[in-house]
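Understanding the architecture of this molecule
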Amino acid sequence: MRPLSDRVGTFTDSVIRRMTRISNKYGAINLSQGFPDFDPPKPMLDALAKAAYEGPHQYSITFGAQNLREALASKFNKTSGLNVDPNTQVIVTCGGTEAMMCAMMTVCNPGDKVMVFSPFYENYGADAILSGAEPIYVPLVPPEYDFDLSAIEKGFIDGAKAIIICNPSNPCGKVFTRSELTSIAELAVKYDAYVVTDEVYEHMVYAPNVHTVMASLPGMSERTITCSSLSKTFSITGWRLGYLIGSPEVIDAAKKVHDFLTVGAPAPLQEAAVAGLNFGDDYYADLNRLYTEKRDHFIAGLDRIGLKHNVPQGTYFVMIDISDFLELDQFRNFTDLEFCEWMIKEIGVAAVPGSSFFREPVNDLIRLHFARGKDVLDEALNRLAKLKDLL
Ligand code: GLN
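Small disclaimer: the values here were computed from a predicted structure and weren't measured. (Residues numbered from 1 in each chain as written. Predicted model: local features only at pLDDT ≥ 70, side-chain atom pairs only at ≥ 80, totals over all residues. Heavy atoms only, no water.)

In spatial order, the strands read 2-8-7-6-5-3-4; together these seven strands make up an open sheet with mixed pairing. Looking at strand neighbours, the two that pair on one side only are strand 2 (90–93) and strand 4 (134–139), the edges of this open sheet. The average undirected angle you get between the axes of adjacent strands in this sheet is 20°. Helix-sheet contacts for helix 4 (residues 66–80) involve strand 2, strand 7 (224–229) and strand 8 (242–245), and the interaxial angle to strand 2 is about 115°. (Pairing = 2+ DSSP bridges. Helix = DSSP H or I, 4+ residues; strand = E, 2+ residues; numbered from the N terminus. Axes fitted to C-alpha atoms, helices over the stretch in contact; angles between N-to-C directions. Contact = heavy atoms within 4.5 Å.)

In this section: the state of the cysteines. Each disulfide is one covalent bond, formed between the sulfur atoms of two cysteines. One pass over the full model with this rule turns up zero disulfides. Unpaired in this structure, Cys-102 has its nearest cysteine sulfur neighbour in Cys-227, at a distance of 8.0 Å. On the basis of relative accessibility, which here comes to 0%, the residue Cys-102 falls in the buried class. Accessibility expressed as a relative area gives 1% for Cys-227, which makes it buried. (Disulfide = S-S within 2.5 Å. Buried < 20%, exposed > 50% of the residue type's maximum accessible area, 1.4 Å probe, protein only.)

What follows covers the environment of Gly-219. Within the secondary structure, Gly-219 sits in the loop between strand 6 (194–198) and strand 7. Given the relative accessible area of 35%, Gly-219 is considered partly exposed. When the C-alpha positions of Gly-219 and Arg-383 are compared, they lie 50 Å apart, and in sequence the two are 164 residues distant.

Once that is clear, we can look at the packing of helix 3 (residues 42–54) against helix 10 (residues 267–277). When two helices pack together, their arrangement is given by the angle between the helix axes and by the axis-to-axis distance. Between helix 3 and helix 10, whose axes approach to 8 Å, the crossing angle comes to 150°. It follows from the interaxial angle that helix 3 and helix 10 lie roughly antiparallel. Crossing geometry of helix 3 relative to helix 10 is assigned as right-handed. Along its contact with helix 3, which presents Pro-43, Met-44, Ala-47, Leu-48 and Ala-51, the element helix 10 presents Pro-268, Leu-269, Glu-271, Ala-272, Ala-273, Ala-275 and Gly-276. (Parallel < 35°, antiparallel > 145°, perpendicular 65-115°, else oblique. Left-handed = near helix turned anticlockwise from the far one by under 90°.)

Because an α-helix packs 3.6 residues into every turn, residues spaced three or four apart end up facing the same way. Taking 1.5 Å of rise per residue, the 13 residues of helix 5 (residues 95–107) would be expected to cover 18 Å, and the 19 Å separating its terminal C-alpha atoms lies within 8% of that figure. With 10 of 13 residues buried, helix 5 is to be regarded as a mostly interior element. By the burial criterion, the buried members of helix 5 are Gly-95, Gly-96, Glu-98, Ala-99, Met-100, Met-101, Cys-102, Ala-103, Met-104 and Val-107. (Expected span 1.5 Å × (residues − 1).)

Backbone hydrogen bonds are what pair the strands of a sheet, in a parallel or an antiparallel way. Ordered in space as 9-10-13-12, the four strands form an open sheet in which the pairing is antiparallel. A strand with exactly one partner marks an edge of an open sheet, and here the two such strands are strand 9 (308–309) and strand 12 (352–353). Where strand 10 (residues 317–321) lies against strand 13 (residues 365–369), five bridges are found, and the strand directions are antiparallel. Looking at the pairing, Ile-320 lines up with Ile-366 of strand 13. Across the sheet, helix 13 (residues 336–347) is in contact with strand 12 and strand 13; its angle to strand 13 comes to roughly 45°.

So, on to the site of the ligand. Ile-16, Arg-17, Gln-33, Gly-34, Tyr-121, Asn-170, Tyr-201, Lys-232, Phe-317 and Arg-367 make up every residue found near the ligand. Contact between the ligand and Lys-232: a nitrogen atom at 3.3 Å from a side-chain N or O atom of the residue. Contact between the ligand and Arg-367: an oxygen atom at 2.7 Å from a side-chain N or O atom of the residue. Expressed as a share of its isolated accessible area of 300 Å², the protein-covered part of the ligand is 90%. (Near = heavy atom within 4 Å. Polar contact = N/O pair within 3.5 Å; in protein donor to acceptor, adjacent residues only side chain to side chain. Areas by Shrake-Rupley, 256 points an atom, 1.4 Å probe, with all protein chains shown as cover.)

See the structure below:
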């Protein structure tokens, strides 16, 4: 047989999703792939049941049901202060994953350079390869995950056509400040570049940090493609509902990519999602409170055990420093992936190896998530406490 495409030979399967499969095989507590173990809000389930009996069951408009686009535009306009038009500036996609891929395929020609922060959510690597773009990596340096603005300027001077910003940032939990985003925005304007944002964790931002919508900064509405999703905000990762917001020119082009990639997101689920978007501001405040409690509870538990970790400013991820363990004879020459596999089997908790997020050869960090009920988090902490006995 003739070889398959070069494209598929250049990246592996997703390590995040692989860890879920290994975790399931050994019955571990899965704190690797980030998704909640609690139910979506009841009014959305009721709306879904209604849609099951009353429809719609056929294709929605390819770029999204009218009522969902209107609800998304109204939510976005409220938080950004912009005035996007639901008909010409919004596309509903199959998850934030399709939104990002669609944005990349809309912006990039093969060979175009795109800046990506490292560590980065692993999909961006594959997004770049599949769209033909060549990534230029800009380090976010642990433990604070700061970056050097001059590295970004250099990337633009070297020809980057776009920069991807995950804010709040998976996996490191960084929330970009308004001033950081403004500096990047000024460079994007200066070098006439696009900014593709992934804002799926926009409602998991822990005080005193605040979420700034990149598109709302001066000069940015026409050059930002905002990608987000309903997965995390409404605990519906399996519904696969995301969206893209941008200028009419960009969205007009992106509609074609989206149409031929997927035709559209599932119609009955779009209908049910509108019920969620009709919630008032209290819903988002409660969600934020819930995750703030989870973060504080989980990292207090990590502190009691004595595991070294960062304090996420946003998202539901925390990075654990395993360097002390890797110095033990038992783990000498272990990769972080081998350590995670050992942890699944012997400790009963699944994590994602940090190396799957970093461009640099980082081997001593692993990522856990805390989007779990309190009992599950407590049991995970009990199990993780056994790690400390090894030191
Ligand atoms: N964004 C989540 C994570 O990083 C889930 C990713 C996915 O599998 N779509 O774990």
